[in-house]
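# Examining the three-dimensional arrangement
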Amino acid sequence: MTPQQLLEVGERGIHLLFETQMIEQAFGQDGPTLRRIVETRLSEVHRAAKALLELDSPDAGRSFVAGLPLEVQHVLVLLYFELLDDRIRDRRTRH
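### Examining the overall build of the protein
Along the backbone of the protein there are six helices and zero strands. Sequence-ordered secondary structure for the protein, helices as α and strands as β, is α-α-α-α-α-α. Rg of the C-alpha trace for the protein: 13 Å, near the compact-globule value of 12 Å for 95 residues, within the 12% margin. Taking the principal axes of its C-alpha atoms as reference, the protein extends roughly 40 × 30 × 25 Å. For the protein, the proportion of its 95 residues judged to be buried stands at 31%. Counting contacts in the protein only where the partners sit at least 6 residues apart, residues at least 24 apart contribute 79% of the total.

### Observations concerning the packing of helix 4 (residues 42–53) against helix 6 (residues 70–94)
At a closest axis distance of 10 Å, the pairing of helix 4 and helix 6 adopts a crossing angle of 60°. Considering their axes alone, helix 4 and helix 6 lie oblique with respect to each other. Seen from above, helix 4 lies across helix 6 with right-handed handedness. When helix 4 is examined against helix 6, the residues Glu44, Val45, Ala48 and Ala49 are found in contact with a partner set consisting of Val72, Val75, Leu76 and Leu79.

About the criteria used
Residues numbered from 1 in each chain as written. Predicted model: local features only at pLDDT ≥ 70, side-chain atom pairs only at ≥ 80, totals over all residues. Heavy atoms only, no water. Helix = DSSP H or I, 4+ residues; strand = E, 2+ residues; numbered from the N terminus. Rg over C-alpha atoms; globule rule 2.2 N^0.38 Å. Buried < 20%, exposed > 50% of the residue type's maximum accessible area, 1.4 Å probe, protein only. Contact = heavy atoms within 4.5 Å. Axes fitted to C-alpha atoms, helices over the stretch in contact; angles between N-to-C directions. Parallel < 35°, antiparallel > 145°, perpendicular 65-115°, else oblique. Left-handed = near helix turned anticlockwise from the far one by under 90°.

By themselves, these figures tell us nothing about what the structure is for.
Structural data, given as structure tokens:
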């Protein structure tokens, strides 16, 4: 699946890359703590996001994400939802 397809499915509330528990944990994180994680592990987060986008299937992506350090998982979940939110907002303003 392409990133576009993942986001299209995500708009319907189906998040193929992340388990519900992982999503709940990510949204339960402290904002300032997450900002520090991003600052200190930016290259790791970038590499993980790039590798994730290169995978061929949601199942491969889900397995890949599950193998990452928990902090990086949380950042990827929140980045995904930020992209999804931007996409939904953009669609609403165009209509």
